[in-house]
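Residue-level structure breakdown
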Amino acid sequence: MTVGTAVLTDLQAVRDLEALRDLCLREFSPAPGEQAVFGEGPAHARLLLIGEAPGKQEAESGRPFVGNAGRLLNKYLQEASIRREEAYLTNVVKIRPPGNRTPRISEVKDALPVLLRQIELVGPRIIVCLGSVAVQAVLDPKAKITEIRGQWQEKDGIRVMPTYHPSAVFRDEDKRDLLKQDLREVGAALR
Ligand code: URA
């Protein structure tokens, strides 16, 4: 999808997540056999979790965070006393980048207007940015996750917690502890 003026106008006219999902499914073209992954969760969740892009299992099922990274995320959410069902989960990029590569800057730019409208429609109290693609898309293209992770940021009046992506912590115990610590901080802030 290249976000032309027409689509940007449509985005502002979109009044709810269902209509935004329809627009997203119309505009993004996944590979054959795959689906766009729009996001899921309560329409006005207090917590919004943003990942990078769907992986293989997500693109096959059309749901975010259902593969290995998702299972790890579920575990750490539970440990932080955060119920996944109460959070809204999505990604910056809505279709799987070929070979699961990191999304290109152009792909992030194309997807960003949809994500920003999604944030407005959900209207969360807290956003968790999982990994540097989400951190840079939501907060600042120059932000370095190693410098700001674990420190509350703000975007349009919403508190934002930048932290590691679950895929980045599989083989790194230190990062794993920091991700858990950041989610505990988010859990406490929600209560
Ligand atoms: N990684 C992500 O960033 N998002 C998903 O939905 C799955 C894996």
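Coordinates for the structure precede this section.
What you see is a predicted model; the values in this text were computed from it and never measured.

**Structural notes on the pattern of salt bridges**
Where charged atoms of side chains with opposite charge meet at close range, the side chains can pair. Inspection of every chain in the model, using the stated rule, returns 13 salt bridges. With its nearest N and O atoms 3.9 Å apart, the salt bridge here joins arginine 21 to glutamate 18. Of this pair, arginine 21 and glutamate 18 are both found in helix H2 (residues 17-27), three residues apart, which corresponds to roughly one turn of the helix. As a salt-bridge pair, aspartate 182 and arginine 149 come within 2.8 Å of each other at their nearest N and O atoms. Of this pair, aspartate 182 sits in helix H8 (residues 173-190) while arginine 149 sits in the loop between helix H7 (145-148) and strand E4 (153-155); the two residues are 33 residues apart in sequence, bridging distant segments of the chain. Both residues of the pair, aspartate 182 and arginine 149, count as buried. The network of salt bridges with shared partners includes Glu40, Arg63 and Arg84.

**What to know about the packing of H2 against helix H5 (residues 105-122)**
Interaxial distance between H2 and H5 falls to 10 Å at its minimum, and their mutual angle equals 170°. Here H2 lies roughly antiparallel to H5, going by the angle between them. Two packed elements cross with a definite hand, and for H2 against H5 that hand is left-handed. For the pair formed by H2 and H5, the contact residues are Leu17, Leu20 and Cys24 on the first element and Val114, Arg117, Gln118, Leu121 and Val122 on the second. Residue classes in the contact of H2 with H5 are distributed as six nonpolar, one polar and one charged.

**A word on the site of the ligand**
Within the structure, the ligand sits among Gly51, Glu52, Ala53, Glu58, Pro64, Phe65, Asn91 and His165. Taking histidine 165, its side chain carries an N or O atom lying 2.7 Å from an oxygen atom of the ligand. Relative to its unbound accessible surface of 230 Å², the ligand loses 92% to contact with the protein.

**Remarks on the packing of helix H4 (residues 68-79) against H8**
Running from N to C, H4 and H8 point in directions that differ by 50°, and their axes come no closer than 9 Å. Comparing their axes, H8 and H4 come out oblique. Judged by the sense of rotation from one axis to the other, the crossing of H4 with H8 is right-handed. Of the residues in H8, those touching H4 at Leu73, Tyr76, Leu77 and Glu79 are Arg176, Leu179, Lys180 and Leu183.

**Focus: the pairing of strand E5 (residues 158-163)**
Looking down a regular strand, the side chains alternate between one sheet face and the other. Among the six residues in E5, five count as buried, and that is most of the element. Bridging between strand E3 (residues 126-130) and E5 involves five bridges; their strand directions are parallel. Bridging across to E5, leucine 130 finds its partner in threonine 163. One ladder, built from three bridges, connects E4 with E5; its direction is antiparallel. Bridge assignment links glutamate 154 to a residue of E5, and that residue is arginine 159. Here E4 hands over to E5 after two residues, with aspartate 156 in that stretch at a positive phi of 50°.

**Observations concerning the packing of aromatic side chains**
Under the counting rule described, the total for this entry stands at zero aromatic pairs. Residue placement shows arginine 159 over the ring face of tryptophan 152; its charged tip is 4.0 Å from the ring centre. Its end group placed over the ring of tyrosine 164, lysine 175 keeps NZ or CZ at 5.1 Å from the ring centre.

Thresholds applied
- Sequence positions are assigned chain by chain, starting from 1 and proceeding in written order.
- Thresholds applied to this predicted model are a pLDDT of at least 70 for local features of residues and 80 or more for the giving and counting of side-chain atom pairs; totals over whole chains, interfaces and linings are not thresholded and use all residues.
- Each side-chain value is derived from all of the structure's non-hydrogen atoms; neither hydrogens nor water enter the calculation.
- Salt-bridge detection follows one rule: a side-chain nitrogen of Lys or Arg within 4 Å of a carboxyl oxygen of Asp or Glu.
- What counts as a helix is a DSSP run of H or I of at least four residues, what counts as a strand is a run of E of at least two, and both are numbered from the N terminus.
- Using a 1.4 Å probe on the protein chains alone, a residue whose accessible area is under 20% of its type maximum counts as buried, one over 50% counts as exposed, and one in between counts as partly exposed.
- Only the contacting stretch of a helix is used when fitting its axis, a line to C-alpha atoms as for every element, and angles between N-to-C directions run 0 to 180 degrees.
- Note on terminology: angles under 35 degrees are roughly parallel, angles over 145 are roughly antiparallel, angles of 65 to 115 are roughly perpendicular, and the others are oblique.
- Crossing chirality is assigned from the near helix's rotation relative to the far helix, an anticlockwise turn below a right angle marking it left-handed and a clockwise turn marking it right-handed.
- Two residues form a contact once any of their heavy atoms are found within 4.5 Å.
- Gly counts as polar in this scheme, as do all residues outside two lists: the nonpolar Ala, Val, Leu, Ile, Met, Phe, Trp, Tyr, Cys and Pro, and the charged Asp, Glu, Lys and Arg.
- Near is defined per residue: the residue qualifies when any heavy atom it owns lies within 4 Å of the molecule or strand.
- Here a polar contact is taken to be a pair of N or O atoms separated by no more than 3.5 Å, where protein atoms must pair a possible hydrogen donor with a possible acceptor and residues adjacent in sequence count only if both atoms sit in side chains.
- Per-residue and other accessible areas were derived by the Shrake-Rupley procedure at a 1.4 Å probe size, with only the shown protein chains allowed to occlude residues.
- Between any two strands, at least two bridges found by DSSP are needed for them to pair.
- Aromatic contacts are taken between Phe, Tyr and Trp rings whose centres are within 6.5 Å, Trp giving its six-membered ring; a plane angle under 30 degrees counts as stacked, one over 60 as edge-to-face, and the others as tilted.
- We call a charge positioned above a ring when the Lys NZ or Arg CZ atom is no farther than 6 Å from the ring centre and deviates by at most 35 degrees from the ring normal.

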